[in-house]
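# Survey of secondary and tertiary structure
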Amino acid sequence: MCWFSHLRLGHRRVLIFPKGNNVDHLSMYLDVADSASLPYGWNRYAQFSLAVINQIHGKYTVRKETQHQFNARESDWGFTSFMPLSELYDLSRGYLVNDTCVVEADVAVRRVVDYWSYDSKKETGYVGLKNQGATCYMNSLLQTLYHIPYFRKAVYHMPTTENDMPSGSIPLALQSLFYKLQYSDNSVATKELTKSFGWDTYDSFMQHDVQELNRVLCEKLEDKMKGTVVEGTIQQLFEGHHMNYIECINVDYKSNRKESFYDLQLDVKGCRDVYASFDKYVEVERLEGDNKYHAEQHGLQDAKKGVLFIDFPPVLQLQLKRFEYDFMRDTMVKINDRYEFPLQLDLDRDNGKYLSPDADRRVRNLYTLHRLKFDDERVTKEDMKRALEEQYGGEEEVARNEDLAGQIGKDIYFDLVDHDKVQSFRIQKQIAFNLFKEEVAKEFGIPVQFQRFWLWAKRQNHTYRPNRPLTHQEEAQSVGQLREVSNKAHNAELKLFLEVELGLDLRPIPPPEKTKEDILLFFKLYDPEKEELRYVGRLFVKGVGKPTEILPKLITMAGFPPNEEIELYEEIKFEPTVMCEHIDKKATFRASQLEDGDIICYQKSPSGEMDEQYRYPDVPSFLEYVHNRQVVHFRSLEKPKEDDFCLELSKLHTYDDVVERVARQRGLDDPSKIRLTSHNCYSQQPKPQPIKYRGVDHLSDMLVHYNQTSDILYYEVLDIPLPELQGLKTLKVAFHHATKDEVIIHSIRLPKNSTVGDVITDLKTKVDLSHPNAELRLLEVFYHKIYKIFPPTEKIENINDQYWTLRAEEIPEEEKNLAPHDRLIHVYHFTKDAAQNQMQVQNFGEPFFLVIHEGETLAEVKVRIQKKLQVPDEDFAKWKFAFLSLGRPEYLQDTDIVSSRFQRRDVYGAWEQYLGLEHSDTAPKRPYTSNQNRHTFEKPVIIYN
């Protein structure tokens, strides 16, 4: 027999033990030749695979991969148990042909990467982005956009001015970031950019959805590009169009609607690759039965509904739906299924099956994938094979009897197992399944000959159950082939149940032969006294058999007395509602429609006493309780970071049920004085608007935020019942006294159909007026500018004081009797921040109105302003006066006629033309802000500027 005990590969060699290294397996290792002669302290990191080639059927080649840090102390690494000697020396297997065995090694030697000294620019030509806390999602998006040359050039051509600062201008901040990515030698910070978004530190530590950020950022850039040389860039790069159609089957009627898209969301679940996702995207839906389409002039009709693409954009953005809602665990879970994508994506394939009849077939829809590995600050080179394999995902999950016993009644109640919590094996798809069984044997200590694997199947009712054991032919296939079998036959990724039978000595024995008549059933035992459900085992039964035949076995498994009466129930499904039906013990299993993988729950036969003694006397009532129970963490709205108390409620509880339980917890007699606010799952803070009285049907509605579910609610105790409060409108009004330097905040609570005049009337009873006949007006103030004078007839239900300050003040006598040529102008304070460019105007302080007379000079106006504001001469002498339009100051001289500047009118409104008083902001800050009621912590992905 021809063997090579040392197969040299450059400075590497393969060590082979044909009879095994003290084991009954072939042993093979990669070894560093001449390790003793290498320099002191040498080391090399290598990823490698060793293979024994099947010379008859290449697909059965045995290949194993690993990686190792080679050094003087560990100069060889590999596999002691590479493959059984019995298989190797079996001439019919094809590993030994003509007395020759072919061994193949694939080695990739890589430098040891020292994170701290690694130079990304030197090694790859690129630099990374620094992570501010939880901005890895943003970094990946920015790197993607930067590497689109057309997009990068468009950003560079966005007009900015010398007055702009990066922290206040998105275009300038993005230009600066891209420039640094292009020319810097070190990783680049993103703080200037996030500041230009209007984000604070909290936002940077909040993990957001990258697709949402991409859409919001592109919308902002698209808006800021309007009217510039790069207008339309976002649309040209990313916009495609598809056609939604509905076509009747039995009448001549078709409805089409063209829509644009900037990105496409593709399903991962149940799809092996991008093409499978596109197939699902354009899949035709049948509208029939109760779901018929109402066609104009034809009534209800059977129809086909679908989507086809009119055109694709130059840059196609695909968002993979890696998360889905898990009804069993009531949370979002990540889909770790293996998902493949080609190096070239041909969307014209199969004669253009994704294209609509309106598509231009002359356009070639062929996309090339470009791969770079950016890990925040570090950029590394990756070979294509490794890059693709790492991105594909996919693991084999193996559930065992021990998993069922360990989880049911603790982590889960419905179904059999949480697959995310079972042992998983990362196996390459070309590996033979028999080799996978050897890995299982090593992990669990179950010899290969005692293992029997079942495929899990996803049923139409969204449950997962073991469906059937693998055949001998299937076990001879590769893992990849079995993945396809599971996907096509059972609409599920490859999940396995390991059946192991134990003898009387509790040692594994070969599994019994399964016939078509045998049914594998799983059993759970319910104890109504303890309100406990637990897994007790599995049994094979005959389809023609009856439950009465296995009752003694079930009683023994439960530990009941031999003559105990028991009842059986089939657990069928749990979403959207629980279905658990009683089983007739005298009917055959086939007659009860039981099949492989079904679950039977049983208990002592309920009695009338049990109904009174226990909360949930039988299995169906207990499962209904478990399905709907919800522990809710209640927090005071005044302390939104701290849990106050927890209550176990039902998702089916009504609004009244919930507030009644909260009132009881707080010792209140009137539940209607409790007001609840839902939780924002993204910002981890209260939503800005409370829940209206009986505004939702059930507790479950209170806990949902978009596609996520929370377990937090906020509460507050009102001084009047909520129904009464909701009929009122509460406004916070800042009253500015005419002669005193004081501002007092008043809460005005009136019926919603009240007017501004009613607010003023109520306010007059609460404030100290300068004289009994003083008239008041209500203003809308935002960022130190007056935007509106409310007419007395305006309804208060239309007024929003959440973001703007409502200011009340006395109307000066001189404003009541304006001469024909007098003008009422806006006067605002402003300054120029030393940190900003000198043209950057910052308003501050209290804005006010001023009457300007015909022909009045600035010098005359200044006298009246100084008197109004009571500014000392020494300070007033330092003030500058300017006419500002659209934020640009035009400084005035004492001899300038002020009224001549205020003849213009434009679309921006009177508040954008004002007399500006430039001076330093030395006044003490007012004890109120411009957004009295706004929850400042309500921050989804928003770019404010």
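A short tour of the structure in this document, coming up. Just so it is clear, the model here is predicted, and its values are computed rather than measured.

Each helix and strand in the protein was counted, giving 26 helices and 51 strands. Per-residue burial for the protein yields a buried fraction of 47% across its 945 residues. Excluding contacts between residues fewer than 6 apart, the proportion of contacts in the protein whose partners are at least 24 apart in sequence is 65%. Accessible area for the protein stands at about 49000 Å²; split by element, carbon and sulfur atoms hold 48% of it.

Glancing now at the packing of aromatic side chains. Given two aromatic rings, their pairing is described by the distance between the two centres and the angle made by the two planes. Enumeration according to the criterion identifies 34 aromatic pairs in this entry. On the basis of an interplanar angle of 65° and a centroid distance of 5.8 Å, the ring pair of F79 and F82 is categorised as edge-to-face. Accessibility assignment for this pair places F79 and F82 in one class, buried. Of note, K19 hangs over the ring of Y89, and the distance from its end group to the ring centre comes to 4.7 Å. In this structure, R400 packs its charged tip against the face of F444, placed 3.9 Å from the ring centre.

Glancing now at unusual backbone geometry. Here the residue pair E575 and P576 is connected by a cis peptide bond, since its omega of 0° sits within 30 degrees of zero. Position of P576 among the secondary structure elements: in the loop between β31 (566–573) and β32 (579–582). The phi torsion at D99 lies on the positive side, around 60°, for a residue other than glycine. At L506, a residue that is not glycine, the phi angle is positive and equals roughly 65°. By the element assignment, L506 lies in the loop between β27 (501–502) and β28 (508–509). Under the relative-accessibility criterion, L506 is labelled exposed at 64%.

Further remarks concern the pairing of strand β3 (residues 25–32). Among the 8 residues that make up β3, 8 are buried, leaving the element largely enclosed by the rest of the structure. Of the strand pairs in this sheet, strand β2 (residues 12–17) and β3 are connected by 6 bridges, and their pairing is antiparallel. Note on β3: the bridge partner recorded for L15 is Y29. In this structure, β3 lies alongside strand β6 (residues 76–84), joined through 6 bridges in antiparallel fashion. Bridging from a neighbouring strand, L30 pairs with W77 of β6.

Take the sheet that holds strand β47 (residues 823–831) next. Ordered in space as β48-β47-β51-β49-β50, the 5 strands form an open sheet in which the pairing is mixed. Each end of this open sheet is capped by a strand with a single partner; those strands are β48 (842–852) and β50 (888–891). Neighbouring strand axes in the sheet, compared pairwise and without regard to direction, differ in orientation by 35° on average. Note: strand β49 (residues 880–885) against β50, 4 bridges, orientation antiparallel. Across the sheet, residue F883 finds its bridge partner in β50, namely E890. Contacts between helix α25 (residues 858–869) and the sheet are confined to β47, β48, β49 and β51 (913–918), with β48 contributing the most and set at about 115° to the helix.

In this section: the environment of I249. Tracing the sequence through the fold places I249 in the loop between β8 (240–248) and β9 (254–261). A sequence separation of 54 residues divides I249 from A303, and the C-alpha atoms of the two residues are 5.1 Å apart. What I249 contacts, discounting residues up to four positions off in sequence, is R286, D302, A303 and K304.

With that settled, the discussion passes to the sheet that holds strand β44 (residues 776–782). Spatially, the 5 strands line up as an open sheet ordered β43-β42-β46-β44-β45, and their pairing is mixed. Edge positions in the sheet fall to β43 (743–751) and β45 (785–789), since each of these pairs with one other strand and no more. When strand polarity is set aside, the average angle formed by the axes of neighbouring strands in this sheet is 40°. The pairing of strand β42 (residues 728–736) with β43 spans 9 bridges and is antiparallel. Bridge pairing in β43 links A734 to I745. Sheet strands in contact with helix α23 (residues 756–764) are β42, β43, β44 and β46 (805–810), and its direction is about 125° off that of β43.

Once that is clear, we can look at the nonpolar core. By size, the foremost hydrophobic cluster in this structure holds 43 residues, and its most contacted members are L26, V52, F82, F436 and F453. Looking at this core element by element, the count peaks at 5 residues for helix α14 (residues 433–444). In contact with F82, not counting residues within four places along its chain, are H25, L26, M28, L50, A51, V52, V62, K64, L435 and E438. Ranked by size, the runner-up nonpolar core spans 32 residues in total, among them Y137, L141, A154 and L174.

What follows concerns the pattern of salt bridges. This structure, assessed with the given rule, holds 51 salt bridges. One salt bridge connects R364 with D348, and the closest N-O pair in it is separated by 2.9 Å. Of this pair, R364 sits in the loop between α11 (349–352) and β19 (366–368) while D348 sits in the loop between β18 (344–346) and α11, and the two are 16 residues apart along the sequence. With its nearest N and O atoms 2.9 Å apart, the salt bridge here joins D894 to K862.

Definitions and limits used
- What you see as residue numbers is a count from 1 along each chain, following the sequence as written.
- Local features in a predicted model are, by the rule used here, given only for residues with pLDDT of at least 70; side-chain atom pairs are given and counted only at 80 or more, and totals for whole chains, interfaces and linings are based on all residues.
- In computing side-chain values, all of the structure's heavy atoms are included and hydrogens and water are not.
- By definition, any uninterrupted DSSP run of H or I lasting at least four residues is a helix, any uninterrupted run of E lasting at least two residues is a strand, and each is numbered from the N terminus.
- The classification of residues rests on relative accessible area computed with a 1.4 Å probe and restricted to protein chains. Under 20% of the type maximum is buried, over 50% is exposed, and intermediate values are partly exposed.
- Residues are treated as being in contact if the distance between any of their heavy atoms lies within 4.5 Å.
- The accessible surface values rely on the Shrake-Rupley method and a 1.4 Å probe; as for residues, cover is taken only from the protein chains in view.
- Classification of ring pairs rests on two measures: the distance between centres of Phe, Tyr or Trp rings, Trp counted by its six-membered ring, which must be within 6.5 Å, and the angle between planes, read as stacked under 30 degrees, edge-to-face over 60 and tilted in between.
- Put simply, a charge is over a ring when the Lys NZ or the Arg CZ is close to the ring centre, within 6 Å, and near the line of the ring normal, within 35 degrees.
- Two strands pair under a simple rule: DSSP has to find at least two bridges between them.
- To obtain an axis, a line is fitted to C-alpha atoms, over the contacting stretch when the element is a helix, and the angle between two such axes runs from 0 to 180 degrees between their N-to-C directions.
- Take the buried residues of types Ala, Val, Leu, Ile, Met, Phe, Trp, Tyr and Cys, join any two whose side-chain atoms come within 4.5 Å, and each joined set is a nonpolar core.
- Whenever Lys or Arg places a side-chain nitrogen within 4 Å of a carboxyl oxygen from Asp or Glu, that contact is recorded as a salt bridge.

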